[in-house]
Amino acid sequence: MSDTITKEQIFKPENIVYKKTDLMTDNVLSYCPGCGHGTTHRILMEVIDEMGLQSETIGIAPVGCSVLAYDFMNVDMQQAAHGRAPALATAIKRLLPNKTVFSYQGDGDLAAIGTAETIHACNRGENFTTIFINNGIYGMTGGQMAPTTLEGMKSSTSPYGREWHAMGHPLKMTELVARLPGTYYVTRQAVHTPAAVRKAKKAIRKAIELQQQKVGMTFVEVVSNCNSGWKMTPVNANKWMVENMFPFYPLGDIKVDGKLVKEV
Amino acid sequence: MTEEIIIAGFGGQGVLSMGKILAYSGIMQDQEVSWMPSYGPEMRGGTANVTVILSDDRISSPILTHFDTAIILNQQSMDKFEKSVKPGGLLIYDPNGITRHPERKDINIYKVEASKEAAAMGFRKIFNMIVLGGYLKVKPLVKMENVIKGLKKSLPERYHHLIPDNEKAITRGMEIVEAVHTV
Amino acid sequence: MGKELRLMKGNEAFAEAVIRAGADGYFGYPITPQSEVMEYLMAEKPHERTGMVVLQAESEVASINMLYGGAACGKKVLTSSSSPGISLMQEGISYLAGSELPCLIMDAMRGGPGLGTIQPGQADYFQLTKGGGHGDYNLIVIAPSSVQEMYDYVEISFDLAFKYRNPVVVLTDGAIGQMMEKVYIGDQKPRLTEEEIREKYPWATLGKTPDRERNIITSLDLDPYRQERHNLHLQKKFKEIEENEVRYEELNCEDADFIIVAYGTSARISQKAMDIGREKGLKIGIFRPITLWPFPKKEIRALSEKVKGILTVEMSAGQMVEDVRLHASEKIPVEHYGRMGGVIPTPNEIVEVIENLFVKG
């Protein structure tokens, strides 16, 4: 049968259709199936690989689900205290201005406990790239309410839904930092479809390229699902994300070349 | 030789800088020195004082309660430090604004009309140098040439043209210092 | 000893020493009584002098985490603060110790607790010599007692920090920070190049090159057995530090009947008390721990076996006295005299306490 190939043929280089980047280690990802972290890790590492920056890159892992990001990303990495990744990245970039530095943070880390560090690093125009995974929940600790949890959304600490009088409003951190003069490129992406992944990867590439030019903070939010925390199947979680998260956290560029391209 | 001095007055009278010049002068003649200011909220407009120690030996405590010399420039400081002068020690003060003059009989008391003189010389900023001159007349611990060297060290270069005026003020202080009571 | 002689405040001498030691980065947040450190550094433009980075952070929390980032890259980094700020930094310090990173932290202690006062204190002894943050760790804690030592111990502290890959604390107070004394200034040491750092500190996260595995700086290990092994490794290192790095000074201890144990400002004041006491015929000696951790245990033990009494003088309710009691002979009294809240003990008070406790009593 001519339309089938043998196992031996598959291994031949000319038949390769996809190759995992060497910048992802062979460790088994600790993320739930369907989670956006794995995809975001991969596209970030692909960009670093394609740009030939492995030996020049230092990454910061946060506290949260991606606390073990250094197990998967094959670059020099440091694990930060909860919320402090921007402080670490600031010092590293100041002391080693020609390196590529990124912080990789979740919503609890970046938008709650680390708000001060985030705002000030952005406002100082630190020349590193922030990757911000927003899934509206504290995933690792078991689905508690996050600063980004939508109104009405249920979590283990808002079991009847987030009610703003008592629990405050969801925080649009990305819109907030876009207004600061120190940010140069601010965008919101997602990784739930192949097309979205391609766009998100382009955005990350742009951010890393801009970092080389030392123009200020480059900030990429990735809206993601948390199917475990949301207590949904992966498919339903993505559907729920499109229907509920995207209207409040709309995808697209917010600031390009230091100028707002969207009303915030 | 060890000389333990307190200089006390209002913030802005040049208390700290007088101490600094004295300390620098000590360094110029190879002495050990320490300069310990009162710091904190009182710096802002209230009283200011500095403990200066000049010694031929290693200095122990930079913070003291009793002094060989007290240089006193306002009433609050008089009330606070007159009693801190060691018996047989020296109290030197500017009578301007002093309502209760020193009363102790077991110490040497001198006065320098420094405020009045500074006004007469038309240069209020050298007030503290007139006081310093008075002190150095009574206790010539540091040589004038070392004071000038100390001034050069402690003043930023842009003020070096004022050194001759400072020297004049020190000399003037030496001329006008008067004994009030000696033991 | 350096050749150039200056009259400087303790805080300024510390800052100048930092530049001359070839430090790479200072990250700090203003707090009295040590703000002169950052002010001096900013005014000196170390970026022009040596390329050193000086950054005013948004908080002490950010400052210590900037150290955490910079130290991971093998850079010589430091911060300075005062008691409340140091409390805020404890989490980050624990991370630094857990990840085995070198750095220098200066604490100009003030009276506490809470916001306390800006006047000098020595009540951070427990906090810093017993770890301070969470987990089992120790910091090397050095207590200068003169402006010259504020200068000299910067380079020594950096050396110790890198030798043992551990944070080092210079523990001082506002009195030493604000006081001016003569200082001999040493020569400028060059900052290390990236190649030199890669060579000397192969653990540094400077970017993964093809010749090595990626470097990971973390204090996290979710496997309890591996985490325990890491802890045992840390404890072994701390033991080694205790055996090799004890520093202290003795004054007139040979013929002394009574020993004052004091550090920093209290040691200076106690020297005056010793002079006054000796004039009165009281044979007082001073034992001044320079390293508060590692604590000079053996030396205290040995001294306690030949004197009639020990008095610790601290600007606290009695913290170091616990360590002295732990190691001194139980045959002699070990007493404490302290002032708190920014009050500085006077030499005469100390002499009186010795007379009352050991002579009359």
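Residues numbered from 1 in each chain as written. Chains lettered and ligands numbered in written order. Predicted model: local features only at pLDDT ≥ 70, side-chain atom pairs only at ≥ 80, totals over all residues.

### Description of the domain arrangement of chain C
All names here are of chain C.
Turning to step 1, where the next piece is worked out: Assigned domains of chain C: these are domain 1 (4-194) and domain 2 (249-360).
Turning to step 2, where the next piece is worked out: Distance between the C-alpha centres of domain 1 and domain 2: 27 Å.
Turning to step 3, where the next piece is worked out: On the domain 2 side, the residues contacting the 24 residues of domain 1 number 21 residues.
Turning to step 4, where the next piece is worked out: Where the side of domain 1 that touches domain 2 is concerned, the elements lending two or more residues are α6 (125-129), β6 (140-142), β7 (167-173) and α8 (174-178).
Turning to step 5, where the next piece is worked out: Across the side of domain 1 that touches domain 2, the residue classes tally to 13 nonpolar, nine polar and two charged. (Domains from an automatic or database assignment. Contact = placed C-beta atoms within 7 Å. Helix = DSSP H or I, 4+ residues; strand = E, 2+ residues; numbered from the N terminus. Nonpolar A, V, L, I, M, F, W, Y, C, P; charged D, E, K, R; others polar.)

### Observations regarding the interface of chain C and chain B
The figure often quoted for interface size is the accessible area lost as the parts come together.
Turning to step 1, where the next piece is worked out: The interface is formed by 21 residues belonging to chain C together with 16 residues belonging to chain B.
Turning to step 2, where the next piece is worked out: Those elements giving two or more residues to the side of chain C that touches chain B turn out to be β1 (4-9), α8, β8 (180-185), α11 (264-279) and α14 (347-360) of chain C.
Turning to step 3, where the next piece is worked out: Looking at which element gives the most residues to the side of chain C that touches chain B, the answer is α11(C), with five residues.
Turning to step 4, where the next piece is worked out: Taken together, the residues of the side of chain C that touches chain B sort by class into ten nonpolar, six polar and five charged.
Turning to step 5, where the next piece is worked out: Sheet topology places strand β2 (residues 32-37) of chain B next to β8(C); two bridges connect them, and they run antiparallel. (Pairing = 2+ DSSP bridges.)

### Digging into the sheet that holds strand β3 (residues 47-55) of chain B
Turning to step 1, where the next piece is worked out: In space, the nine strands of this open sheet follow the order β7(B)-β6(B)-β5(B)-β4(B)-β1(B)-β3(B)-β2(B)-β8(C)-β1(C), with mixed pairing throughout. Both edges of this open sheet fall to β7 (178-181) of chain B together with β1 of chain C, since each of them pairs with a single strand only. When strand polarity is set aside, the average angle formed by the axes of neighbouring strands in this sheet is 25°.
Turning to step 2, where the next piece is worked out: This element, helix α4 (residues 127-138) of chain B, spans β4 (67-72), β5 (85-93) and β6 (108-111) of chain B of the sheet and lies at about 140° to β5(B). (Axes fitted to C-alpha atoms, helices over the stretch in contact; angles between N-to-C directions.)

### So, the arrangement of the chains
Turning to step 1, where the next piece is worked out: The chain pair with the greatest number of contacts, out of two pairs of chains in contact, is formed by chains A and C.
Turning to step 2, where the next piece is worked out: Left apart from each other, chain A and chain B have a closest C-alpha approach of 29 Å.

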